[in-house]
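What follows is each chain in one-letter form.
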Amino acid sequence: MPKIIGLTGGIGSGKTRIVKVFSDMGVPCYVADDAAKRLMSQDALVIQQIKDLLGEKAYDTAGLNRAYIGEIVFSDPQKLQALNAIVHPAVAKDFSLWLALQKAPYVIKEVAILFETGGYKAVDQTLLITAPKEVRLARAMQRDQVNKAAILARMNNQWEDEQRIPLADHMINNMVWEDTLKEIERLHRYFLSLS
C-alpha cells in the first residue's frame, strides 16, 4: 500500500501548481476538490441529497450551480457543515477505491481543509503549503476572477497558517518558485525513502 502524503494549504497558497509538479514526476495525485466536484455533478445520491438540502436551484441547465451553492454555504456555517456531511463521506469512499488501484511508493492527497476536518489523522505525513495572506488573496482573486469579499468569505472557513503549522510534518513557503521546486525535489526523495 502506498504511503499517503496529505498536501494542504490556504486558498491561493499554490497547492494546485505544486501538485502538478509531483504529478509530472510520476506521483499519483488525488485532488479532493476535483473529486468533490465530480461526485456533486455525477453521483445520483449526492445530487439528490444536495437538492434536498439546498433546493432545486443547486443545479441548473449546465449542471452544478456553484455560484448559488457558494453564496449560501459560505455565509451559513450550518449549511456548509450539512453540505460537507454529504460530500466528505462520498469523497472518502472515492479516495479508498482510487488508492486501491495505485502501485506507486507514495501518493499525494490534496485536501484544502485537511487539518480543519481531522483528515490529517488518516494520512502518513502532511505537507503544508504557505504564503502570506495578502499574497494568497491576490492570487485567488486573479485566478477565480472574483472580488476580495468572495475570497475572504472562503478564507474565513479555513484555518490560518498559524493553526496549521504545529500539525504539519513538512512545509513549503511558496513565494519564490525556484526555491519551491528545490523543496519539492528534496521532499520527493524523502517520501520515496519512506516505502
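One can find the structure itself at the top, above this paragraph.
Residues numbered from 1 in each chain as written. Predicted model: local features only at pLDDT ≥ 70, side-chain atom pairs only at ≥ 80, totals over all residues. Heavy atoms only, no water.

Draft legend 1. Inspection of the overall build of the protein at higher detail. Along the protein, the regular secondary structure elements total nine helices and seven strands. A compact globule built from 195 residues should have a C-alpha radius of gyration of about 16 Å, and the protein, at 17 Å, falls within 12% of that. Within the protein, buried positions represent 43% of all 195 residues. In the protein, once contacts between residues fewer than 6 apart in sequence are set aside, the share between residues at least 24 apart is 73%. Only carbon and sulfur atoms are counted for the fraction: they give 54% of the accessible area of the protein, which is about 10,500 Å². Charged side chains of the protein number 24 positive and 23 negative; the gap between the two group centres comes to 2 Å. (Helix = DSSP H or I, 4+ residues; strand = E, 2+ residues; numbered from the N terminus. Rg over C-alpha atoms; globule rule 2.2 N^0.38 Å. Buried < 20%, exposed > 50% of the residue type's maximum accessible area, 1.4 Å probe, protein only. Contact = heavy atoms within 4.5 Å. Areas by Shrake-Rupley, 256 points an atom, 1.4 Å probe, with all protein chains shown as cover. Lys, Arg positive; Asp, Glu negative; His and termini not counted. Charge placed at Lys NZ, Arg CZ, Asp CG, Glu CD.)

Draft legend 2. Main features of the sheet that holds strand β2 (residues 29-31). Strand order in the open sheet made by the five strands is β2-β5-β1-β6-β7, with parallel pairing throughout. Both outer strands of the open sheet, β2 and β7 (170-173), are each paired with one neighbouring strand and no more. Averaged over all pairs of adjacent strands, the angle between their axes in this sheet comes to 20°, without regard to strand direction. Alignment of β2 against strand β5 (residues 106-110), held across three bridges, turns out to be parallel. If you follow Tyr30 over to β5, its bridge partner there is Lys109. Of the strands in this sheet, β2 and β5 are in contact with helix α2 (residues 32-42), which crosses β2 at around 55°. Contacts from helix α5 (residues 77-100) reach β1 (3-9), β2 and β5 within the one sheet, and its direction differs from that of β2 by about 165°. (Pairing = 2+ DSSP bridges. Axes fitted to C-alpha atoms, helices over the stretch in contact; angles between N-to-C directions.)

Draft legend 3. Structural context of the packing of α2 against α5. In contact at an axis separation of 9 Å, α2 and α5 are set at 105° when each is read in the N-to-C sense. In terms of orientation, α2 lies roughly perpendicular with respect to α5. For the pair α2 and α5, the contacting residues are Ala32, Ala35, Ala36, Arg38, Leu39 and Met40 in the first and Leu83, Val87, Ala90, Val91 and Asp94 in the second. Across the contact of α2 with α5, the residue classes tally to nine nonpolar, no polar and two charged. (Parallel < 35°, antiparallel > 145°, perpendicular 65-115°, else oblique. Nonpolar A, V, L, I, M, F, W, Y, C, P; charged D, E, K, R; others polar.)

Draft legend 4. The side chain of Asn65, seen in detail. Here Asn65 is to be found in the loop between β4 (63-64) and α4 (66-73). At 3.2 Å, the side chain of Asn65 forms a polar contact with the backbone oxygen of Lys57. From its side chain, Asn65 meets the backbone nitrogen of Tyr68 in a polar contact 3.2 Å long. Leave out the neighbours within four places in its chain, and Asn65 touches Lys57, Ala58, Tyr59 and Asp60. (Polar contact = N/O pair within 3.5 Å; in protein donor to acceptor, adjacent residues only side chain to side chain.)

Draft legend 5. Representation of the pairing of β5 in the model. Buried residues dominate β5, accounting for five of its five residues. Residues Tyr106, Ile108 and Glu110 point to one face of β5 and Val107 and Lys109 to the other, with burial holding for every one of them. Direction of pairing for β1 relative to β5: parallel, over a ladder of five bridges. Looking across to β5, one finds that Leu7 is bridged to Glu110.

Draft legend 6. Unusual backbone geometry, seen in detail. The phi torsion at Gln145 lies on the positive side, around 55°, for a residue other than glycine. Secondary-structure assignment places Gln145 in the loop between α6 (133-144) and α7 (148-155). A residue is classified by how much of its surface remains accessible, and Gln145, at 65% relative accessible area, is exposed.

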